[in-house]
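These are the residues of each chain, in order.
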Amino acid sequence: MRPAYDFVIVGAGFSGLVIAERLGAAGHRCLVVEKRNHIGGNCYDRTDRNGLLYHVYGPHYFRTNSTAVRDYLSRFTAWREVKYRVQVYTAGRYWSFPVNLATYRQLCGRADASEADFKAYLARVVVPNEHPANSRDAMLACVGPELYALFFKGYTQKQWGRPAEALDASVCRRIPWRSEVDERYFHDEFQALPRDGYHRLFENLFAASGADLRLETDYREILPHVRCQHLVYTGPIDEYFGHCHGPLPYRSVRLQLEEYSSADHADGLLQPALQVNYPGSEPFTRTVELKHITGQVSPFSNLVREFSEEHVNGVNDPYYPIPGPESQALIERYRTLAEREAGVTFIGRLAQYRYLNMDQVVGAALHTAEKLRLQPGPAFSGTVPSTAARAVA
Ligand code: FAD
Ligand code: UDP
């Protein structure tokens, strides 16, 4: 007899585990299937050989303006409020970033330049554009060509393998700029790390769900062996449909952990800020030294260095959906298929193909779980589409 579940949930990231917890609390029997050997998705963290925390799949800076999301997650973790500080290294020096009055003072070489001076500079150089069609035009409209060339042009090309002109305005608009001295990377009201790490948060979330878990398992292997009413899918949307319309573009990242002893650096820290971005010809995009914000006291430290790569199916993981004209028509076709797929909910950064932050994903998962609880909809057929059948459809 095949075990019966109300919900099979594909993926144990924030999307999958929040839904599992909410549905479990409502009395539903859930199975979470995860192809990696751990829960937590891309937010997974662990300690290096010296006991220092690092973010395995790239830096994850939690921040939110949503009290609902914060209150919900606070049931599974205490927090350590932090200040995320980023600098840029280019043209042989470190720069204050995001662009603010301190950056302008470095640019013009006058430590006494005022906010009025900076505003006058911007008024001279920006290229006004109320509805920029791409990330280059968006940045030219905020900071003008000089600062765009210094901080955004090269970094964006390296990070995405495409010029800023090929990306939606929303990509570079994630980065704020300010005319006063203000070096906060984000505006959000609440900026904090889970006090005992993301992994502990995920363990608590999963324990509360009461769900069953299969790690190191592709959901396609397990479907023939279980029965379920509804499938919640948080993997890549094009993969679900067997890439029948062709693969969606994603960007991948190679992360290199570097562990250092105190002998290397006298002050116990390796770089001047939590994160340093490199828009120049270096082969990597950024380095992150988490010790700046974990509060861990140690003679050791570590850096995670990021090398951006094109995603190749089966070779590396899809990290970033690529918002821009090249993916627009294709994603619409997959979304149409997803709408027609009875008994399946597509949710999360990869299933929705949206550049979503953790708090947005948690907010959406809470909302979706509530909808599923009240109205599970038609039953899942129990099989996933075959590539051939979909290509004909
Ligand atoms: P994921 O975390 O990707 O989880 C999906 C899970 O599904 C994965 O574990 C995957 O292995 C599994 N899966 C896929 N296919 C299958 C299959 N066939 N069978 C079984 N399992 C499968 N957000 C922030 O708020 N702040 C940040 O600073 C931040 N930094 C980021 C940095 C990087 C480099 C990246 C890539 C993302 C960053 N994010 C950040 C975004 C954050 O990672 C996402 O919002 C969040 O992880 C999305 O959760 P998810 O559950 O939708 O997806
Ligand atoms: N960006 C840039 N220079 C920087 C930082 C960011 O050009 O020093 C652009 C780049 O295109 C990047 C986007 O702004 O992908 C969003 O930056 P963010 O730091 O939010 O990237 P993420 O943490 O999502 O990788």
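Residues numbered from 1 in each chain as written. Chains lettered and ligands numbered in written order. Predicted model: local features only at pLDDT ≥ 70, side-chain atom pairs only at ≥ 80, totals over all residues. Heavy atoms only, no water.

1. Details of the site of ligand 2
The full set close to ligand 2 counts 17 residues, and T156, W160, Y185, Y320 and Y355 are the nearest of them. In this structure, an oxygen atom belonging to ligand 2 sits 2.4 Å away from a side-chain N or O atom of Y355. Among the secondary structure elements, those contributing two or more residues to the shell around ligand 2 are α5 (135–160) and α6 (169–172). Partitioning the shell around ligand 2 into residue classes produces twelve nonpolar, three polar and two charged. (Near = heavy atom within 4 Å. Polar contact = N/O pair within 3.5 Å; in protein donor to acceptor, adjacent residues only side chain to side chain. Helix = DSSP H or I, 4+ residues; strand = E, 2+ residues; numbered from the N terminus. Nonpolar A, V, L, I, M, F, W, Y, C, P; charged D, E, K, R; others polar.)

2. Comments concerning the nonpolar core
Counting residues in hydrophobic clusters, the biggest one holds 73 residues, and the most contacted among them are F14, F62, L73, Y84, F97, F151 and F152. The element that contributes the greatest number of residues to this core is α5, accounting for ten residues. In this structure L73 touches F14, F62, W79, L201 and V362, once residues within four positions along its chain are discounted. (Core = buried A, V, L, I, M, F, W, Y, C linked by side-chain atoms within 4.5 Å. Buried < 20%, exposed > 50% of the residue type's maximum accessible area, 1.4 Å probe, protein only. Contact = heavy atoms within 4.5 Å.)

3. Details of unusual backbone geometry
Between F97 and P98 the backbone carries a cis peptide bond, its omega angle lying at 0 degrees. Turning to its location among the elements, P98 is positioned in the loop between β8 (93–97) and α3 (101–108). Despite not being glycine, E216 shows a phi value in the positive range, around 50 degrees. Of the residues examined, E216 reaches a relative accessible area of 59% and is grouped as exposed. For Y353, which is not a glycine, the phi torsion comes out positive at approximately 50 degrees.

4. A few points about the sheet that holds strand β12 (residues 250–260)
Spatially, the seven strands line up as an open sheet ordered β8-β7-β13-β14-β15-β12-β16, and their pairing is mixed. Edge positions in the sheet fall to β8 and β16 (320–321), since each of these pairs with one other strand and no more. (Pairing = 2+ DSSP bridges.)

5. Overview of the pairing of β8
Taken together, the five bridges between strand β7 (residues 86–90) and β8 define a ladder with antiparallel strand orientation. Bridging across to β8, V86 finds its partner in F97. Two successive antiparallel strands, β7 and β8, enclose a turn made up of two residues, where A91 displays a positive phi of approximately 50 degrees.

6. What about the confidence of the model for the protein?
Averaged over the protein, the pLDDT score is 94; the fraction of residues at 70 or greater is 97%. Considering only residues more than four positions removed or in separate chains, one finds that residues 387–393, a stretch of pLDDT under 50, has eight contacts. (pLDDT = per-residue confidence, 0-100.)

7. Topic: the packing of aromatic side chains
A full pass over the atoms with the stated rule returns 34 aromatic pairs. With a centroid separation of 6.5 Å and an interplanar angle of 45 degrees, the aromatic rings of Y44 and Y57 are classed as tilted. With Y44 in the loop between β2 (30–33) and β3 (45–47) and Y57 in the loop between β4 (53–55) and β5 (63–64), this residue pair connects regions lying 13 residues apart in the sequence. A single burial state applies to Y44 and to Y57, both of which are buried. Here Y104 and F118 contribute two aromatic rings whose centre-to-centre distance is 4.9 Å and whose plane-to-plane angle is 15 degrees, an arrangement assigned as stacked. A residue pair is termed long-range when its members are at least 10 positions apart, and Y104 in helix α3 and F118 in helix α4 (residues 115–125) qualify at 14 residues. Put simply, the rings of Y61, Y84, W95, F97, F151, F152, Y185 and F186 touch in pairs and so form one group of aromatic residues. The ring of F190 carries the charged tip of R70 above its face, separated from the ring centre by 3.9 Å. We note R305 situated over the ring of F284; from NZ or CZ to the ring centre the distance is 4.5 Å. (Phe/Tyr/Trp six-rings, centres within 6.5 Å; stacked < 30°, edge-to-face > 60°. Lys NZ or Arg CZ within 6 Å of the ring centre and 35° of its normal.)

8. Describing the packing of helix α1 (residues 14–25) against helix α12 (residues 358–374)
Contact geometry of α1 with α12 gives a least axis separation of 8 Å together with a crossing angle of 35 degrees. When you trace α1 past α12, the crossing you get is right-handed. Contact residues: F14, S15, V18, I19, R22 and L23 in α1; M358, V361, V362, A365, L366, T368, A369, L372 and R373 in α12. When the residues that make up the contact of α1 with α12 are grouped by side-chain class, the tally is eleven nonpolar, two polar and two charged. (Axes fitted to C-alpha atoms, helices over the stretch in contact; angles between N-to-C directions. Left-handed = near helix turned anticlockwise from the far one by under 90°.)

9. What about the pattern of salt bridges?
What the rule picks out here adds up to 25 salt bridges. As a salt-bridge pair, R178 and D182 come within 3.5 Å of each other at their nearest N and O atoms. Side by side, R178 and D182 carry an identical accessibility label, which is buried. Two residues, R195 and D196, come together in a salt bridge whose shortest N-O distance is 3.1 Å. Judged by relative accessible area, which is 52%, R195 ranks as exposed. (Salt bridge = Lys/Arg side-chain N within 4 Å of Asp/Glu carboxyl O.)

10. Here we look at the site of ligand 1
Inspection of the region around ligand 1 gives 33 residues, with S15, E34, H60, Y61 and M358 positioned closest. Measuring from an oxygen atom of ligand 1, one finds a backbone N or O atom of F14 at 3.2 Å. Between P59 and ligand 1, the recorded distance is 2.8 Å, taken from a backbone N or O atom to a nitrogen atom. Only α1 and α12 provide two or more residues apiece to the shell around ligand 1. Looking at the shell around ligand 1, its residues break down into 15 nonpolar, eleven polar and seven charged.

11. With respect to the state of the cysteines
Using the criterion set out here, one finds zero disulfides in the structure. The structure places no disulfide on C30, whose sulfur is separated from the nearest cysteine sulfur, that of C228, by 10.0 Å. Free of any disulfide, C172 has its nearest cysteine sulfur in C142, 9.5 Å distant. Judged by relative accessible area, which is 4%, C172 ranks as buried. (Disulfide = S-S within 2.5 Å.)

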